[in-house]
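One letter stands for each residue in the lines below.
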Number of protein chains: 2
Amino acid sequence: MKIAIAQINPIIGDLSGNAQKMLEMAQQAVAKGARLLLTPELSLCGYPPRDLLLNPSFLEAMTVTLHQLAQDLPANLAVLVGTVDANHQAYTTGGKPLFNSIALLENGKVKEYFHKRLLPTYDVFDEQRYFEAGQQSNHFVLDNLKIGVTICEDLWNDEEFWGKRSYIVNPIADLTTLGVEFIVNLSASPYTVGKPSFREAMLKHIAVRFQQPVIYTNQVGGNDDLLFDGSSFALNRQGEVMCRAKSFTTDLITVEFDETKRDFTLNSVAPVYELEEEEIWHALVLGVKDYAQKCGFSKVVLGLSGGIDSALVATIASAALGKENVLGVLMPSPYSSEHSISDAVALADNLGIKTQILPIGELMQSFDNSLAGLFAGTEFGLAEENIQSRIRGNLLMAIANKFGYLLLSTGNKSEMAVGYCTLYGDMNGGLAVIADVPKTRVYSLCKWLNSHSPLIPENILIKAPSAELKPGQVDQDSLPPYEILDNILQRLIHDHQSVRQIVAAGHDQTVVDKVIQMLARAEFKRRQAPPGLKITDRAFGTGWRMPIASNWNAIKSNYQKIESGHDD
Amino acid sequence: MKIAIAQINPIIGDLSGNAQKMLEMAQQAVAKGARLLLTPELSLCGYPPRDLLLNPSFLEAMTVTLHQLAQDLPANLAVLVGTVDANHQAYTTGGKPLFNSIALLENGKVKEYFHKRLLPTYDVFDEQRYFEAGQQSNHFVLDNLKIGVTICEDLWNDEEFWGKRSYIVNPIADLTTLGVEFIVNLSASPYTVGKPSFREAMLKHIAVRFQQPVIYTNQVGGNDDLLFDGSSFALNRQGEVMCRAKSFTTDLITVEFDETKRDFTLNSVAPVYELEEEEIWHALVLGVKDYAQKCGFSKVVLGLSGGIDSALVATIASAALGKENVLGVLMPSPYSSEHSISDAVALADNLGIKTQILPIGELMQSFDNSLAGLFAGTEFGLAEENIQSRIRGNLLMAIANKFGYLLLSTGNKSEMAVGYCTLYGDMNGGLAVIADVPKTRVYSLCKWLNSHSPLIPENILIKAPSAELKPGQVDQDSLPPYEILDNILQRLIHDHQSVRQIVAAGHDQTVVDKVIQMLARAEFKRRQAPPGLKITDRAFGTGWRMPIASNWNAIKSNYQKIESGHDD
């Protein structure tokens, strides 16, 4: 039996469009001789549909579209489609009104629904907000083959692999007991650094432990902050990769189940990225491309400061949308260094993007005039620094509004963490492209890029980072060196380490305290930040849920009020 | 037995501060002769602690603080404190690592933990993100009285009252079977319009149905977007109110359990608000006061446009923080009407707040100059309108930054719904005071206010609403009349009605389509909005989780691109 994996890139809520994508994949699958087609989790509505699931009209439309798709599909092709199913007992026995489901479509009909058993409710996942957990083992018989069906998280509970259980049941164990020939998994598993190979390692463990061939089908594409890498694959009973789809792009691949050998046979295996930088690069390019396209933008605008962050974002945007669709705006102030212009122009020349220069000196003067009476007798400080950043933010939004461009914001994760950024200023944008990329990783990405094609001028890589909001300012006036800052942030944000642990690892107590305080105080800024493309297991976004008006830090020690650079 | 209810206002994460609040209440309770003291759900850390619960140091500090509190409490007083307890079996049997718990503190010790059984995971609630559901009925014996213990949601599953179940178990039924004398409930139940009386009606049904006296203890105070009204009370076996705490303020009340009659006896009953406007007013005043204080601000600033929204917010802020702590900034443009100044000044005079006038004409001219080359040949439009709003936003933030004031934003729910507001402009602020108040309710609140004390100038109430971003502009150039708009929005947002249902209710199809389109298109703005005080059951905030890059509308009909006023 030949099985096809449709690694589609759905648009959230675009039911007829997504159905059309699956229909086209089905036709190609038939041409390749497939008997069964797999699509991602919730492929009909795209993942995550979020509160669209609370809308009865939306649910009704899903049912209608699903039945229409069943009728439109080619004969002799069974298709597994991700959709929802009603929990009819919800009102009498309690429980959520929906199941996260897979529908088996065959011969013009919706033949059967399978319900997801393990519902993730951590990080960015809110599945228990909408769904009831399925209670039954899922399988069906096709051409005398008994096939086990799982949905995403159903595979993520192997206590041997993880060293602990996250849920009481392990659907794989149940399916093995039932004697299925192989297991299919329909997923929408968001990308994080290294996750494609991590998934293969995890499923290899499962394949070997339970002696089960497995096909893993993942969604591809960017949906707001979430990036889905695709990277679908099949493993044989020994856990070896028998086929692999490309990462970060739509793909259709097939694998053959040899009924004599009772295992998958080797087919086309796309290569994996060897370097994390390469993987992240492709993730971010896809994220920009999809966010722009799915929101209806063909062109983007961004501020070019001559610094490394905007250089990286401009390079990503050029790769995502084409150099002709990127406008870089240079907005020098009297505090800007000469190289801020020359470096930005050199970058733009290398990329071949258009630029516009809009000096802001006159605007700064107008604001000074306007506020002179009110600010009389006060010293130049954070307020004046932020005014400059907000003038630039206003200019960029004016251009975005006037010409229908998407504004990209260029702040990195280190800045977002400690609030070294101006709300309504450089934070402005529809999408924060590198908001989950720490500054040290920004450097390593640029160096990797330049090793292939020297697009980013060397001076941008070697000069000291600066916001240039007052004369002679550099980031390290206000922040610890980025190697130290990023390491402390990693320990705080990702590893949930205590002050004691971080100091024990060799960091200075004063520095750690200061970073903790800055991290907490910047929460109000992050709350108003644009969606940021997520590439780590703990991004500031839908999976980061922190109170603003909170006083947890204060119990640790008597922190002094800290001035945090151009914080506001 | 005398029981005291400590309706405290915790600060999220301020463990020692919250413990101190409970300690003080305990001393007062002893002075009143109480034997048992009740505090709200998660009273030790405040509700909702959100992702602070993922931090091991935080959890460790909770345990330490709880045990210290147990030692510090007066002898002969049993105290129920809201805290977390570890789920020690989580790693072996799966499940979340914590229980949402109540600790019974007595004689210097933490005697027992009770675990919340029903975990809300809808609207603003994410409890299954952190907690495992308790499996056991909770009760303890004090002076030979068997007392049933429930936590918030545990009481919200009466299938008779609701006409459906939300969970399979009903903890009240279990406790009744166990023969408890009465039931206590420790809650952190967010305010929505009419909820104080709704809770009493719901618990009355339970008291009568199960013949159970009930004590309901609620948290009070504002925590970011969530407002807790307090309004704690006790019901006797007939469901009659035996005591009631004040709403929207810290309070300590007692109720006596007569062991002969086996019921509560009548004590002090604070009055309820008769008008929804009065209730909302007090909710919003508390929300501003607490957000400012808990974030460390004593003074606020806001733009005064001469319109009704900023008039209401200025009035709320004056009541919350004192007129001497409110600065109103008037920022007239060449498009501003004369009454925009005179009305704002009259309002400020009535309130006794300080004002500052900063005309923006020169700044508009500077932006025009700066963008003249780039915008040559284009017509005045949304871009230019937004520039004005963002100049004002920059000025207000400059003042906020310079003097350490909290900027309040003044947009109402109707605007936020359809995007009739400028991102990085009038949306700027640390707190969006009336973001969950529809425009029609803004009017009714102001009329109610004026019926007590005519603070808001009559002209503000009677003139046509206008953003004044171009000559002669009024809101109704771009939007349906607010009575119609708010009714359609109510049906869409709260009632999840379909286009068909809304049209059947008498609305024009074209208008409904336009509102749906505007609602969807404004998602990117709402994502970057400040926290807004929640007063309805469906606010744009932590409980509103919508995709941005989505295409659900498109399937309903072929919408034309709609220009939406000063949308951007």
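Summarise the overall build of chain A; cite the residues concerned and give the values.
The secondary structure content of chain A amounts to 18 helices and 20 strands. In summary, chain A has a C-alpha radius of gyration of 26 Å against a globular reference of 24 Å for 568 residues, a match within 12%. Each principal axis of the C-alpha distribution contributes one length, and for chain A these read about 85 × 50 × 50 Å. Expressed as a percentage of its 568 residues, the buried residues of chain A come to 65%. Contacts in chain A between residues far apart in sequence, at least 24 positions, make up 75% of those at least 6 positions apart.

Quick rundown of the interface of chain B and chain A? Include the residues and the values.
Across the contact, 95 residues belong to chain B and 94 residues belong to chain A. Its salt-bridge partner being arginine 500 of chain B, residue glutamate 60 of chain A comes within 3.6 Å of it at the nearest N-O pair. Between chain B and chain A we count 49 residue pairs in polar contact (both at pLDDT 80 or more) in total. Broken down by secondary-structure element, the contributors of at least two residues to the side of chain B that touches chain A are α1 (15-31), α2 (56-72), α3 (90-93), α4 (127-130), α8 (276-295), α11 (361-375) and α12 (382-403) of chain B. Here the element with the most residues in the side of chain B that touches chain A is α12 of chain B; it accounts for 14 residues. Residues that form the side of chain B that touches chain A fall into these classes: 43 nonpolar, 30 polar and 22 charged.

If you had to explain the packing of helix α11 (residues 382-403) of chain A against α12 of chain B to someone new, which residues and values would you point to?
Closest axis-to-axis distance for the α11 of chain A/α12 of chain B pair is 9 Å, and the angle between their directions is 165°. If you check the angle between α11 of chain A and α12 of chain B, you find them roughly antiparallel. Crossing of α11 of chain A against α12 of chain B: the hand is right-handed. In this structure, α11 of chain A uses Ala383, Glu384, Asn386, Ile387, Arg390, Ile391, Asn394, Met397, Ala398, Asn401 and Lys402 of chain A to contact α12 of chain B, whose residues at the interface are Ala383, Glu384, Asn386, Ile387, Arg390, Ile391, Asn394, Met397, Ala398, Asn401 and Lys402 of chain B. Looking at the contact of α11 of chain A with α12 of chain B, its residues break down into 10 nonpolar, six polar and six charged.

Explain the pairing of strand β18 (residues 354-357) of chain A to me, using residue names and the numbers behind them.
Pairing between strand β17 (residues 326-330) of chain A and β18 of chain A: four bridges, direction parallel. By the bridge assignment, glycine 328 of chain A is partnered in β18 of chain A with threonine 355 of chain A.

An account of the packing of aromatic side chains is requested, with residue identities and associated values reported.
By the definition in use, this model includes 42 aromatic pairs over all chains. Look at tyrosine 216 of chain B and phenylalanine 233 of chain B: their rings are 5.2 Å apart centre to centre, the planes differ by 25°, and that puts the pair in the stacked class. A residue pair is termed long-range when its members are at least 10 positions apart, and tyrosine 216 of chain B in strand β9 (residues 214-218) and phenylalanine 233 of chain B in strand β12 (residues 233-235) qualify at 17 residues. The class of tyrosine 216 of chain B is buried, set by a relative accessible area of 1%. Through successive ring pairs, a cluster of aromatic residues spans Trp156, Phe161, Trp162 and Phe198 of chain A.

Explain the sheet that holds strand β7 (residues 145-151) of chain B residue by residue, including any values.
Residue and element names in this part refer to chain B. Strand order in this open sheet of six strands is β6-β7-β8-β9-β12-β13, and the pairing throughout is mixed. If you trace the sheet from one side to the other, it starts and ends with β6 (139-142) and β13 (241-244), each paired once. The sheet shows a mean angle of 20° between the axes of neighbouring strands, direction not considered. Sheet topology note: the β6/β7 ladder contains four bridges and is antiparallel. Residue pairing for β7: valine 141 is matched across the bridge by lysine 146. Packing against the sheet, helix α6 (residues 171-178) makes contact with β6, β7 and β8 (182-187), and its axis sits at approximately 170° to β7. Helix α7 (residues 195-210) contacts β9, β12 and β13 of the sheet and is inclined by roughly 30° relative to β12.

Run through the pattern of salt bridges, naming residues and quoting values.
Applying the stated criterion across every chain yields a total of 58 salt bridges over all chains. Across the salt bridge formed by lysine 111 of chain A and glutamate 106 of chain A, the nearest N and O atoms sit 3.4 Å from each other. The exposure class assigned to lysine 111 of chain A is exposed, which follows from its relative accessible area of 52%. Between glutamate 385 of chain B and lysine 470 of chain B there is a salt bridge, with its nearest N and O atoms 3.9 Å apart. Taken together, the residues span a long stretch of sequence, with glutamate 385 of chain B in helix α12 and lysine 470 of chain B in the loop between α15 (458-462) and α16 (482-494) at a distance of 85 residues. Overall, glutamate 385 of chain B belongs to the buried group, its relative accessible area being 2%. Where salt bridges share partners, they join Asp158, Glu159, Glu160, Arg165 and Arg209 of chain A into one cluster.

Got a sec to walk through the relation of the copies chain B and chain A? Specific residues and values, please.
Least-squares fitting of chain B to chain A yields an RMSD of 0.0 Å, with the transformation described by 0.0 Å of translation along the axis and a rotation of 180°. Look at the turn and shift together and you get a two-fold axis relating the two. For chain B, the minimum C-alpha distance to the rotation axis belongs to glutamine 528 of chain B and amounts to 2.1 Å. In this assembly, 99% of the residues forming the interface of chain B have copies in chain A that are likewise at the interface, indicating an isologous arrangement.

An account of the side chain of asparagine 138 of chain B is requested, with residue identities and associated values reported.
Residue and element names in this part refer to chain B. Assignment of secondary structure puts asparagine 138 in the loop between α4 and β6. Of the polar contacts made by the side chain of asparagine 138, one reaches the backbone oxygen of histidine 115; its length is 2.9 Å. Filtering out sequence-adjacent residues up to four positions away, asparagine 138 remains in contact with Phe114, His115, Arg117, Ile147, Gly148, Val149 and Leu175.

I'd like a description of helix α9 (residues 308-321) of chain B, backed by residues and values.
Every α-helical turn comprises 3.6 residues, leaving residues that sit three or four positions apart pointing alike. All names here are of chain B. Over its 14 residues, α9 runs 20 Å from end to end, which matches the ideal 20 Å to within 8%, given 1.5 Å per residue. For α9, the buried fraction is high: 13 of the 14 residues fall into the buried class. Two residues or fewer past α9, glycine 322 is found with a positive phi of approximately 95°.

Explain the state of the cysteines residue by residue, including any values.
Applying the stated criterion across every chain yields a total of zero disulfides over all chains. Cysteine 421 of chain A takes part in no disulfide bond, and the closest cysteine sulfur, belonging to cysteine 295 of chain B, lies 17 Å away. Of all cysteine sulfurs in the structure, the one in cysteine 152 of chain B sits closest to cysteine 45 of chain B, which takes part in no disulfide; the separation is 13 Å.

Can you explain the pairing of strand β14 (residues 251-258) of chain B? Please cite residues and give values.
Residue and element names in this part refer to chain B. For β14, a buried count of six out of eight residues is recorded, marking the element as mostly surrounded by other parts of the structure. The pairing of strand β1 (residues 2-7) with β14 spans six bridges and is antiparallel. Within β14, the position partnered with glutamine 7 by the bridge is aspartate 251. One ladder, built from three bridges, connects β14 with strand β15 (residues 263-265); its direction is antiparallel. Opposite glutamate 256, over in β15, you have threonine 265 as the bridge partner. The hairpin turn running from β14 into β15, its antiparallel successor, is four residues long, and arginine 262 in that turn takes a positive phi close to 55°.

Can you tell me about the sheet that holds strand β9 (residues 214-218) of chain A, naming the residues and giving the values?
Residue and element names in this part refer to chain A. Across the sheet, which stays open at both edges, the six strands sit in the order β6-β7-β8-β9-β12-β13 with mixed pairing between neighbours. At either end of the open sheet lies a strand with only one pairing partner, and these are β6 (139-142) and β13 (241-244). Strand after strand, the sheet turns through a mean of 20° between neighbouring axes, direction not considered. Bridge count for strand β12 (residues 233-235) against β13 is three bridges, and the pairing is antiparallel.

So what's going on with the environment of serine 166 of chain A? Residues and values would help.
For serine 166 of chain A, the position within the fold is in the loop between α4 (159-162) and α5 (171-178). With sequence-adjacent residues up to four places away left out, serine 166 of chain A is seen in contact with Asn157 of chain A together with Gly94 and Gly95 of chain B.

Describe the packing of α8 of chain B against α9 of chain B, listing the residues and the values that go with them.
Residue and element names in this part refer to chain B. Packing of α8 against α9 leaves a shortest axis separation of 8 Å and a crossing angle of 65°. Viewed along their axes, α8 and α9 form a crossing whose handedness is right-handed. Within the contact between the two elements, α8 uses Trp281, Leu284, Val285, Val288, Lys289 and Ala292 and α9 uses Thr315, Ile316, Ala317, Ala319, Ala320 and Leu321.

Which residues make up unusual backbone geometry, and what are the values?
A cis amide bond links tyrosine 47 of chain A with the next residue in sequence, proline 48 of chain A, at an omega value of 0°. Even without being glycine, leucine 42 of chain B reaches a positive phi, approximately 45°. Along the polypeptide, leucine 42 of chain B turns up in the loop between β2 (36-38) and α2. Classification of leucine 42 of chain B as buried rests on a relative accessible area of 0%. Positive phi values are uncommon outside glycine, yet aspartate 123 of chain B reaches one of about 45°. With respect to the secondary-structure elements, aspartate 123 of chain B resides in the loop between β5 (109-115) and α4.

Hey, could you go over α5 of chain A for me, with residue numbers and the actual values?
All names here are of chain A. Of all the positions in α5, only Pro171, Ile172 and Leu175 are classed as buried. Projection of α5 onto a plane perpendicular to its axis shows the buried side chains occupying an angular sector of 100°, all on one side. In this fold, the buried residues of α5 make contact with β6, β7 (145-151), β8 (182-187) and α6 (195-210). At the exit of α5 stands glycine 179, carrying a positive phi of roughly 75°.

The rules behind each value
- Residues numbered from 1 in each chain as written.
- Chains lettered and ligands numbered in written order.
- Predicted model: local features only at pLDDT ≥ 70, side-chain atom pairs only at ≥ 80, totals over all residues.
- Heavy atoms only, no water.
- Helix = DSSP H or I, 4+ residues; strand = E, 2+ residues; numbered from the N terminus.
- Rg over C-alpha atoms; globule rule 2.2 N^0.38 Å.
- Buried < 20%, exposed > 50% of the residue type's maximum accessible area, 1.4 Å probe, protein only.
- Contact = heavy atoms within 4.5 Å.
- Salt bridge = Lys/Arg side-chain N within 4 Å of Asp/Glu carboxyl O.
- Polar contact = N/O pair within 3.5 Å; in protein donor to acceptor, adjacent residues only side chain to side chain.
- Nonpolar A, V, L, I, M, F, W, Y, C, P; charged D, E, K, R; others polar.
- Axes fitted to C-alpha atoms, helices over the stretch in contact; angles between N-to-C directions.
- Parallel < 35°, antiparallel > 145°, perpendicular 65-115°, else oblique.
- Left-handed = near helix turned anticlockwise from the far one by under 90°.
- Pairing = 2+ DSSP bridges.
- Phe/Tyr/Trp six-rings, centres within 6.5 Å; stacked < 30°, edge-to-face > 60°.
- Least-squares fit on C-alpha atoms with pLDDT ≥ 70 in both.
- Expected span 1.5 Å × (residues − 1).
- Disulfide = S-S within 2.5 Å.
- Arc of directions from axis to C-beta.

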